[in-house]
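Listed below, chain by chain, are the residues.
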Amino acid sequence: MAKTLLLIDGNSLAFRAFYAMHSQLERMKNQDGLHTNALVAFNNFLDTLVDPMQPDYCLVAWDAGKTTFRTEKLDSYKGSRQSTPPELVEQFPYLRQLVELHGITSYELPGYEADDIIGTIAKAGAQEGLAVTIVTGDRDLLQLVDENITVLVTKKGVTELETFDPAAVIEKYDGLTAAQVVDMKALTGDTADNYPGVTKIGPVTAIKLLKEWQTLENLYDNVESLKKSKMKDNLINDREQAFMSQDLARIRTDVALPIGIADINYRGADYEGIVPFYQMLNFKQQLAKLHAAGYGKEANEATQNNPAIKMQVITEANLAQVAALEGEISFYLETTSPNYHISEMVGFAIGNATQGYFVARSVDWLLTPVLSNLLTSPAIKKNVYNAKAALVLLNRLGIKLVNVATDIILAAYLLDTNTNVDDIDELAQQFDYYDVESDEAIYGKGAKFAIPTDDDILFKHLVNKVHAIDQLAPKVTAKLIEHEQLPLYESIELPLTHVLAAMEITGITVDTEQLRAQGSKLVERLSELEQAIYRQVGEEFNIQSPKQLGEILFEKMKLPVIKKTKTGYSTAVDVLEKLAPEAPIVEDILQYRQVAKLQQTYIEGLLKVVHSTDSKIHTRYMQTLTQTGRLSSVDPNLQNIPIRLEEGRKIRQAFVPSHPDWQIFGADYSQIELRVLAHITGDEHLQAAFKEDDDIHAATARRIFGLSKDEPVDGNMRRKAKAVNFGIVYGISDFGLSQSIGVSRPEAKKMIETYFEQYPGVDAWLKSVVAEAKLNGYVETLSKRRRYLPEINAKSFNLRSFAERTAMNTPIQGSAADIIKLAMINMQTALQEHGLQAKMLLQVHDELIFEAPTSEIATLEALVPKIMDSAVTLDVPLKVESHYGPTWFDAK
DNA sequence: ATTTTCACG
DNA sequence: ACGTACGTGAAAATG
């Protein structure tokens, strides 16, 4: 194996690091007021990318100062750059220390930029046979790529990188080699570095010219032979500028450096030495990580064996003390896996800081009257981590958990939907609490997972967890109040947890015979299709491998390449549909894909998760996951059971009531997102359409195509208008719309403009919500559900645009989620109050699925829509439709 | 572990 | 000029 050399563009990454965490700028300071955002992100980069790489040699190159040989050639070089923000400048000296502590040499040279240092060492290293990797945020360095030098360019933040080898450069620049990148810059110039290039030549023209003439020199040698054009004149006039730009763009690879490869050994991170540095910077999370790994123990020993935590192992002798717990307690029940319907329970801890904690391995203790009374008592508040898990687990033991006060994960999710943690330790760290070790540290992971046999280790861990819950509960509650989110928590999310737990526990019955019968038909069909495909191709291959399929279609059969993925040819449906007229085999492949999906995901997949004890599927609804406030469903996902195509829809025939002579009953909101849009935008025309119960897509079509009220709307117009309505909800772009309805981009643009003229309230609201996001850094739903959009002010067009679309979509999708959640809570209450046997089983974003005795159907047909459409009062009516039948398939 | 594809709202 | 529709989960292939 060749030795490895890693070269890092310090300034460029420092800038990226600074802006990656720019939204946190004022929050991230140490005790002395030093900003630490770039330091945190840079440290993250070193930890996650450099340390694991373990290069043999490594260097971080920095720019030495403003004046370089380039500024001597062109006064204005980089002249248009705005000056470095002082909040970043103050971090530079510490960035260098950080680099040194990670065992990496820093280097700079007056008169040269970091690029030139990197270029010189890279070439020298490659010469010596090293495998060279360069990391930068600057695409200019791509000119250095060759078979020995790979360049990684930051894509998002500083930890998501895009890899460029020679082939990737050619791909990126549409056929240009890395060596031609300089000449391209010579022709196009660079606005960021402020050098000119040739007038009116952009990347497209530059690439075309260089493909024809290879080099700038060759192009100019032959410039007279070009046919007469404005471009030819520009080339001739700007000849001098072009060569000057080429000179500026070219990274030097021959700088006389006083250091060499031998001076830049990678020494590896000095974890002991880094502890005081992290302490100075107030890097609590990093310190916690180091501590878990065993570094800097002395400093933190006291917190781990916290003498203030009173704990006892439960025995008959101290049950009386357990019984004396009162007021507010915390409870944690540990499992071996996240699927609480089937996981093993390994122990629990209960108590509070003042009265102490009680811990045990055997959950049989929970069945003793003392403990079950505690859990069931309405007089005692319980704080937990993941209330739904606790509800379901205790239900398995026959215990009803009553009076849950604070669920710290649920609250943390409402405070910031980006809180996607699955352990208490990670959650605790987000609230600056570091006295819980990670589950991985205690239990191991993968094949090494094991519950410690040593009571001392397990019990301490469980007590640390329950104490963390106890400590965090008041903190998260205070934050909820600060965000004005207490009503959201208390009146929606926490009651919903109980409803969801009940739905999951009830489960939905599956007719496994029906599934199996469908499965054998599909298997038969699959083998027919497989044979037909092999016959046509003349060889056998794995149809399910996009790689092999791509080779067959685009290399062997030479079909036109419509779209590429980053790893090869795309063989997605939209591509195959375009190819279908060219080769009959494509239709077979599409069929094969469809049938294989049904068989693998829906027949086999579902059969795997049917509980043998009750022939039911018990999904888990993820309540703290989505960025918008929707639920998601896992193990299995019951929110994506096929419906759009008839073949797939049949899967629903296997979902049946749990008793004979019962029915499956479903009710769904009609156009809930567009109704929410009409409400929050206050748009007069959109509201009028809903108040009159118009066909909303037809109404939109009339407006954007300028038809009168009575003129008929043809199907095509309605289809287009429907796409526009979707687009509005998604955060519209002309490109997206043009793709979805197959019109030209200008045409799509015109449609959007007309839409906004016709619905000015929508236009104004979309603008205002983006402005609000830019100002506050977050958007809110009707129920004050909050989503932070840290990239809303990003410099990258892509990231910023994405955040802008999200700002428009989230209040709409999220408010619709708020509404159905309220409806579910009210529904559960109504079913009880009416003494119905009917059970709510599933939620699929805008619909609810029930099972009920046939005798209750008439009641449900009145009750369910009533509850759903009155969950909230909007400026437009909500509309609900219901259906029922002997299976889910028939409830249509 | 990541990528691609495809199922749903 | 940039390169895109919003939100999910699961299966299989592949690195």
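Presented here is an overview of the structure given in this document. Only a predicted model underlies this, so the values are computations on that prediction, with no experimental measurement involved. (Residues numbered from 1 in each chain as written. Chains lettered and ligands numbered in written order. Predicted model: local features only at pLDDT ≥ 70, side-chain atom pairs only at ≥ 80, totals over all residues. Heavy atoms only, no water.)

1. Section: the protein's contact with DNA strand B
Thought 1: Around DNA strand B lies a shell of 21 residues, among which Thr571, Arg593, Ile643, Arg644 and Asp846 are the nearest.
Thought 2: Counting only atoms of DNA strand B within 4 Å of the protein, the fraction found in sugar and phosphate groups is 79%.
Thought 3: The side chain of Arg593 places a nitrogen or oxygen atom 2.7 Å from a phosphate oxygen of DNA strand B.
Thought 4: The separation between a base nitrogen of DNA strand B and a polar side-chain atom of Arg630 is 2.9 Å.
Thought 5: The leading source of residues in the surface near DNA strand B is helix H28 (residues 584-609), at 3 residues.
Thought 6: Its residues placed into classes, the surface near DNA strand B shows 7 nonpolar, 8 polar and 6 charged. (Near = heavy atom within 4 Å. Polar contact = N/O pair within 3.5 Å; in protein donor to acceptor, adjacent residues only side chain to side chain. Helix = DSSP H or I, 4+ residues; strand = E, 2+ residues; numbered from the N terminus. Nonpolar A, V, L, I, M, F, W, Y, C, P; charged D, E, K, R; others polar.)

2. Description of empty space enclosed by the protein
Thought 1: On inspection of all chains with the given rule, the structure shows 3 cavities of 30 Å³ or more.
Thought 2: As for the largest cavity, its lining consists of 13 residues, of which Tyr77, Asp115, Asp140, Leu248 and Ala249 are closest to the centre.
Thought 3: Taken together, the residues of the lining of the largest cavity break down into 5 nonpolar, 1 polar and 7 charged. (1 Å grid on protein atoms, 1.4 Å probe; cavity = no way out; pocket = protein on both sides within 12 Å on 5 of 7 lines; lining within 4 Å. Points joined across faces, edges and corners; volume = space filled by probe spheres on them.)

3. Considerations on the protein's contact with DNA strand C
Thought 1: Taken together, 36 residues lie near DNA strand C, and Asn542, Ser545, Ser632, Phe735 and Phe797 sit nearest.
Thought 2: A distance of 2.6 Å separates a phosphate oxygen of DNA strand C from a polar side-chain atom of Ser632.
Thought 3: Contacts to DNA strand C include Arg745, whose side-chain N or O atom sits 3.0 Å from a base oxygen.
Thought 4: Counting only elements with at least two residues in the surface near DNA strand C, the list comes to helix H26 (546-556), H28, strand E17 (632-634), helix H33 (715-730), helix H34 (734-741) and helix H37 (797-833).
Thought 5: For the surface near DNA strand C, the element with the highest residue contribution is H37, accounting for 7 residues.

4. A closer look at the sheet that holds strand E22 (residues 839-843)
Thought 1: Across the sheet, which stays open at both edges, the 4 strands sit in the order E22-E23-E19-E24 with antiparallel pairing between neighbours. Where the open sheet ends on each side, the last strands, each with one partner, are E22 and strand E24 (880-885). On average, each strand axis in the sheet is tilted by 25 degrees relative to the strand beside it, whichever way the strands run.
Thought 2: The strands that helix H24 (residues 486-506) touches are E22 and strand E23 (847-853); relative to E22, the one it contacts most, it runs at about 95 degrees.
Thought 3: Helix H38 (residues 857-869) contacts strand E19 (662-669), E23 and E24 of the sheet and is inclined by roughly 25 degrees relative to E19. (Pairing = 2+ DSSP bridges. Axes fitted to C-alpha atoms, helices over the stretch in contact; angles between N-to-C directions. Contact = heavy atoms within 4.5 Å.)

5. Focus: the sheet that holds strand E5 (residues 149-156)
Across a sheet, strands are paired by hydrogen bonds formed along the backbone, either parallel or antiparallel in direction.
Thought 1: Within the open sheet, the 6 strands sit side by side as E3-E2-E1-E4-E5-E6. Their pairing is mixed. Looking at the sheet topology across the chains shown, the edges are occupied by strand E3 (105-108) and strand E6 (160-164). Strand-to-strand twist across the sheet, computed as the mean angle between neighbouring axes with direction ignored, equals 25 degrees.
Thought 2: As defined by bridge partners, strand E4 (residues 131-136) adjoins E5 across 5 bridges and the pair is classed as parallel. For Val132, the partnering residue across the bridge sits in E5 and is Ile149.

6. Some words on H26
Thought 1: Among all positions of H26, only Leu549, Gly550, Ile552, Leu553 and Phe554 are buried. Buried residues in H26, looked at end-on, bunch into an arc of 165 degrees, giving them a common side.
Thought 2: Structurally, H26 contributes buried residues whose contacts are with helix H25 (512-537), helix H27 (573-579) and H28.
Thought 3: A positive backbone phi angle near 55 degrees is found at Lys558, which sits one or two residues after H26. (Buried < 20%, exposed > 50% of the residue type's maximum accessible area, 1.4 Å probe, protein only. Arc of directions from axis to C-beta.)

7. What to know about the pattern of salt bridges
Thought 1: According to the stated counting rule, one finds 31 salt bridges in the structure shown.
Thought 2: Here Glu513 makes a salt bridge to Arg516, at a shortest N to O gap of 3.7 Å. Residue Glu513 and its partner Arg516 are located together in helix H25, separated by 3 residues, close to a single helical turn.
Thought 3: The class for Arg516 is partly exposed, based on a relative accessible area of 44%.
Thought 4: Asp869 is the partner of Lys866 in a salt bridge, and the nearest nitrogen-oxygen pair spans 3.8 Å. (Salt bridge = Lys/Arg side-chain N within 4 Å of Asp/Glu carboxyl O.)

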